[in-house]
Amino acid sequence: MLLPNTNWFWYTHEDELRLDLGDTLTFVVPFALKNLVNLPTQKQLFSLEDTEHYVALAESLDNNGIPLTEGQLVQILLNATAALKFHKPVCMKSWLYKAQNTSGAHFQLAMLEASFDDNAELGQVVVLEQDDSCATCMLISDDFMVSDIKALAKFEIIKVMNDRLIPFLADIPEYKRA
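Residues numbered from 1 in each chain as written. Predicted model: local features only at pLDDT ≥ 70, side-chain atom pairs only at ≥ 80, totals over all residues. Heavy atoms only, no water.

## As for the overall build of the protein
A tally of regular secondary structure across the protein gives 2 helices and 11 strands. Secondary structure elements of the protein, listed N to C terminal, follow the sequence β-β-β-β-α-α-β-β-β-β-β-β-β. Over its C-alpha trace the protein gives a radius of gyration of 17 Å, about what one expects of a compact globule, namely 16 Å for 178 residues. Projected onto its principal axes, the C-alpha positions of the protein cover 55 × 50 × 30 Å. Accessible surface computed for the protein: about 10400 Å², of which carbon and sulfur atoms make up 49%. Looking at charge distribution, the protein has the averaged site of its 13 positive side-chain charges lying 3 Å from that of its 25 negative ones. (Helix = DSSP H or I, 4+ residues; strand = E, 2+ residues; numbered from the N terminus. Rg over C-alpha atoms; globule rule 2.2 N^0.38 Å. Areas by Shrake-Rupley, 256 points an atom, 1.4 Å probe, with all protein chains shown as cover. Lys, Arg positive; Asp, Glu negative; His and termini not counted. Charge placed at Lys NZ, Arg CZ, Asp CG, Glu CD.)

## Quick notes on the pairing of strand β3 (residues 25–28)
Two elements, strand β2 (residues 16–22) and β3, share 4 bridges in a ladder whose sense is antiparallel. When the sheet's bridge partners are listed, glycine 22 is paired in β3 with leucine 25. Linkage of β2 to β3, two consecutive antiparallel strands, is achieved through a turn of 2 residues, within which aspartate 23 is found at a positive phi near 50°. (Pairing = 2+ DSSP bridges.)

## Things to note about the pattern of salt bridges
In total, this model carries 6 salt bridges according to the counting rule given. Notably, a salt bridge pairs arginine 18 with glutamate 14, separated by 4.0 Å at the nearest N-O pair. According to the relative accessible area criterion, arginine 18 is buried, its value standing at 15%. Its relative accessible area of 60% is what places glutamate 14 among the exposed residues. (Salt bridge = Lys/Arg side-chain N within 4 Å of Asp/Glu carboxyl O. Buried < 20%, exposed > 50% of the residue type's maximum accessible area, 1.4 Å probe, protein only.)

These figures come from the coordinates and say nothing about function on their own.
And the structure:
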């Protein structure tokens, strides 16, 4: 897995937030600049706090057992780190999702169920921040229809009440006893 190092730095270029990963690699953050705050005006090092967020989420996703390629995992980690550092707070939109009897997140992963249809699909999210009443999440499903006319794009930031989160439990392999 790609691990942070002291050569990484954030910068803006051509109306995009980017992260220079060294060795001619550049990661373009998918968030529109209008949704971001505290943008770097010069090169801004990938901080210790950024590294802590990146590594903690990597460990959490690894413990969950979710089947991700290394590229998918790194993309989620970099987007989540960028969201925590630069994304503006978003308004809660819990009415778009069904309340659940059993709610929460398992190793920072959860599902949301759209409320517009009884046969609505589920969207998979990473919980970025959570307090006693609500959670800020990042969609990691490809697309998620939340109403007849509205779809959320992958990596979109969502804020919901905690009772909307369905814990995501990946298939855990059974181990044979010796």
